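# Results of the structural survey
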Amino acid sequence: MICLKQVNPFYKTPEWRALRKLALKRDHFECVECKRQGLVSDSHMLQVDHIQPLDERPDLALKLSNLQCLCPHHHNLKHGRFDKMQQQPKRWTDERWD
């Protein structure tokens, strides 16, 4: 389990929470990668991902065009959180999505 002290305070701001809702609505509460592959994703598990990472491009943190909805599987694949041999999730990082 992740300690709340490790969570980036940005993800608790009203601006982020409002923009996150807009991204979910824009993407019809679907994982964009699952949709590309003709799959269906669980809309209750979606995570809003920064296409250009927040730590690399903080200027794009609140740009709707820099956000995409991903299921946990595709979000973890994007960030390389799977063990390549076993396809098992790696340990949780300090990044968290609400």
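Preceding block: the structure.
These lines cover the structure that appears in this document, whether it is placed above or below. Predicted, not measured: the structure shown is a model, and the values here were computed from it. (Residues numbered from 1 in each chain as written. Predicted model: local features only at pLDDT ≥ 70, side-chain atom pairs only at ≥ 80, totals over all residues. Heavy atoms only, no water.)

## Things to note about helix 1 (residues 14-26)
Between the first and last C-alpha of helix 1 there are 18 Å, a value that for 13 residues agrees with the 18 Å anticipated at 1.5 Å per step. Where helix 1 is concerned, the buried positions are Trp16, Leu19, Arg20, Ala23 and Leu24. For helix 1, the angular spread of the buried residues around the axis is 145°, confining them to a single face. Relative to its buried face, helix 1 has exposed residues pointing more than 90 degrees away, namely Pro14, Lys21 and Lys25. Considering only its buried residues, helix 1 is in contact with strand 1 (47-50) and strand 2 (67-70). Count one or two residues on from helix 1 and you reach His28, which has phi positive near 55°. (Helix = DSSP H or I, 4+ residues; strand = E, 2+ residues; numbered from the N terminus. Expected span 1.5 Å × (residues − 1). Buried < 20%, exposed > 50% of the residue type's maximum accessible area, 1.4 Å probe, protein only. Arc of directions from axis to C-beta. Contact = heavy atoms within 4.5 Å.)

## Notes on the environment of Leu46
Along the chain, Leu46 falls in the loop between helix 2 (32-36) and strand 1. The exposure class assigned to Leu46 is buried, which follows from its relative accessible area of 7%. Residues Leu46 and Phe29, 17 residues apart in the sequence, show an inter-C-alpha distance of 7.3 Å. Leu46 has contacts with Arg20, Leu24, Phe29, Glu30, Cys31, Ser41, Cys69, Leu70 and Cys71, leaving out every residue within four places of it along the chain.

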